[in-house]
Structure formats: C-alpha cells, structure tokens
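# A closer look at the structure
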Amino acid sequence: MGLFPSAKDFEEGPGVDKNTPRKTGILRFFEVVGRDLTGMFLATFLACLGFVPGICIVLFGFASGSLVVMAAGAVIGGAIAGPCLAGVYDTVLRALRDEPGYWWSTYRRAFRQNWKSSILPGIFYGLIITLQVSLVYFCVTMPARGVQVGTGIWVGAILNLIVFHMLFTYMWPQVVLLNQPFHQTLVNSLLCMLGFLPHALAASLLQIVFWGIVILTMPLGVVLMVLLGFWFTTEICCQMITGDLERVFHVEAQIRAKKDAELAEYLAQEDQDSRGE
C-alpha cells in the first residue's frame, strides 16, 4: 500500500490471516507501516484539519492578550479535534491488531461510534496542551525581556510535559477501545502509567521530542506535521503499550467475543428468516 489512496482503500478488504505470526520491534513497525501507511496518513491529515480551528482561536487570543479567548479556543478546538485524534488512534490500533477491512470503511464506522465519547477527552487534551505550550513559551521568552525564570518553573514545566504525555499515552487508546466514563479512563490511565512506567516514560519522551522538533522548525514544521504528524508517534507509542493494554483489559479477547456474538446473532436471525419463509 502506497502513501496516496487508491480505490481499494475505500472497499472492504481481507486483512491478515489470523494464524500469521506477528513480528516484533522495528520489523513490526515496518510491517504495519508498509501495509497501512495510506490509512494512517489520511487519518493524520484529517486530524491536522481538526486542530486548525482551535489553533487559530488560541493564536488570536494570544495575539490579543486574552486568556479567555485562549481558553475558549482550547475548549472549542479540543472538542473538534478530539474525535479526529481518536480516529488516528483507532486506525493505528486496528492496524496493530491486523484487523481486516480498508481504511475508509473502518474509519467512517469508528468515527460514528467514538465521536461523542472523544469530545470530553479532546477538551481536556486541548486545555492541557494550550497550558503546556504557553508555559514553555513563557520560560523561553521571558529571559530575553529581562525576566529571570527560576529553576523551579523550568522543572515544573518539564515535569508537566512528561507526566501529562505519559497520561495521554494510555488515555486515547482507552477512549477508542473501551466504553466507560471519562473519569474512569483517567483513573485507568494513571494506574497504567505508574504500573508500566518505563513504557509510559519512553512514549512520553518520544512525543515531546517529536513535537518539539515540529515547533522549533516552523514554518517547515508544518510539512513534517502533515507527513508524519500523529501517525508516526501514535504507531510507535501504541506498539509500546499494546501489550500493557492487553494484559490489563484483554482487549482482543473482548473484541473477538463481541464479533462472535454478532455473528451468532446474525446466523440466528438468518435461520429464523429462512424458517419463516
């Protein structure tokens, strides 16, 4: 599958044989990317579009010096971007599960299923990211204006970035995989990041470094964001933590059980209809 979509990307596909052994590490990364790059790229492109309204409002609030407008932009933008970002995670997680089907069919179905449950996480994510960017901007620019930034503020800003990105690493997969209240998702995410600290820390640092490069290379960073953007870090991070999620939530077993139940219900209905005739 190439970078740009073809007609086959909008049809149902056979997927991967369930008996095919899964690769691990970097081989698994190239296997998934080589097979599902188009879907991940398109989901990332839609996510980038979903972030545009919030970014514009936040930048307008920043330029006008209005914290209220910035907060409103974070809330509105997060509500719009949340479902789009959930679409990226759903696409990547399906690829890592080797689920059958081509991108557009599964993306459209998953978006209808997840958009409501991803609004509140999106708002939370938008507010935190806006706060983090503002805090880092303050730490970087204030010394040039003659204002010394203390070590404590720098340490707080760095810890803020690390801890919340550790939390987000486990939050978004749960949003698209589990049907539960958002407060339960946050509790589970906190417990997972503490229980699987090395994975959470590695995923957090990867995201911080990547998005730091994107911001520092602006406006060229826009190209990097569109081409790699969310799918690159999401794939690597999800590949790191899928084993953790499976160990705690038994995701694939639940999905198989749900599909088996749906198939049994469908066959029973078919049998009932045939008898009725």
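We now turn to the structure provided with this report. (Residues numbered from 1 in each chain as written. Predicted model: local features only at pLDDT ≥ 70, side-chain atom pairs only at ≥ 80, totals over all residues. Heavy atoms only, no water.)

### Description of the overall build of the chain
- Helix and strand counts for the chain come out as ten helices and zero strands.
- Across the 277 residues in the chain, those meeting the buried criterion constitute 40%.
- Of the contacts formed within the chain by residues at least 6 apart in sequence, a portion of 77% connects residues at least 24 apart.
- A total of about 15200 Å² of accessible surface is found on the chain, and carbon and sulfur atoms cover 70% of it. (Helix = DSSP H or I, 4+ residues; strand = E, 2+ residues; numbered from the N terminus. Buried < 20%, exposed > 50% of the residue type's maximum accessible area, 1.4 Å probe, protein only. Contact = heavy atoms within 4.5 Å. Areas by Shrake-Rupley, 256 points an atom, 1.4 Å probe, with all protein chains shown as cover.)

### Regarding empty space enclosed by the protein
- Under the defined criterion, the tally for this structure stands at one cavity of 30 Å³ or more.
- Estimates place the volume of the largest cavity at around 100 Å³.
- Residue lining of the largest cavity: Leu85, Tyr89, Tyr125, His165, Phe168, Trp172, Gln207, Trp211, Phe230, Thr233 and Thr234, and that is the complete set.
- For the lining of the largest cavity, the elements supplying multiple residues, two or more each, are helix H2 (67-96), helix H5 (151-177), helix H7 (197-216) and helix H9 (229-249). (1 Å grid on protein atoms, 1.4 Å probe; cavity = no way out; pocket = protein on both sides within 12 Å on 5 of 7 lines; lining within 4 Å. Points joined across faces, edges and corners; volume = space filled by probe spheres on them.)

### Details of the layout of surface pockets
- The space that makes up the largest pocket amounts to roughly 1400 Å³.
- Across the lining of the largest pocket, the residue classes tally to 26 nonpolar, twelve polar and no charged.
- Empty space within the second largest pocket amounts to approximately 740 Å³.
- Forming the walls of the second largest pocket are 28 residues, and the residues nearest its centre are Arg94, Gln113, Val176, Leu177 and Lys258.
- Of all the secondary structure elements, the ones that give two or more residues to the lining of the second largest pocket are H2, helix H3 (103-114), helix H4 (119-141), H5, helix H6 (182-195) and helix H10 (251-276).
- Grouping the constituent residues of the lining of the second largest pocket by class yields eleven nonpolar, nine polar and eight charged. (Nonpolar A, V, L, I, M, F, W, Y, C, P; charged D, E, K, R; others polar.)

### Quick notes on the pattern of salt bridges
- Under the definition given, this model contains seven salt bridges.
- Two residues, Arg94 and Asp90, come together in a salt bridge whose shortest N-O distance is 2.6 Å. Of the two residues, Arg94 and Asp90 both sit in helix H2, four residues apart, roughly one turn of that helix.
- Judged by its relative accessible area of 15%, Arg94 falls in the buried class.
- With a relative accessible area of 6%, Asp90 lands in the buried category.
- For Arg94, the salt bridge identified is with Glu99, shortest N-O distance 2.7 Å. (Salt bridge = Lys/Arg side-chain N within 4 Å of Asp/Glu carboxyl O.)

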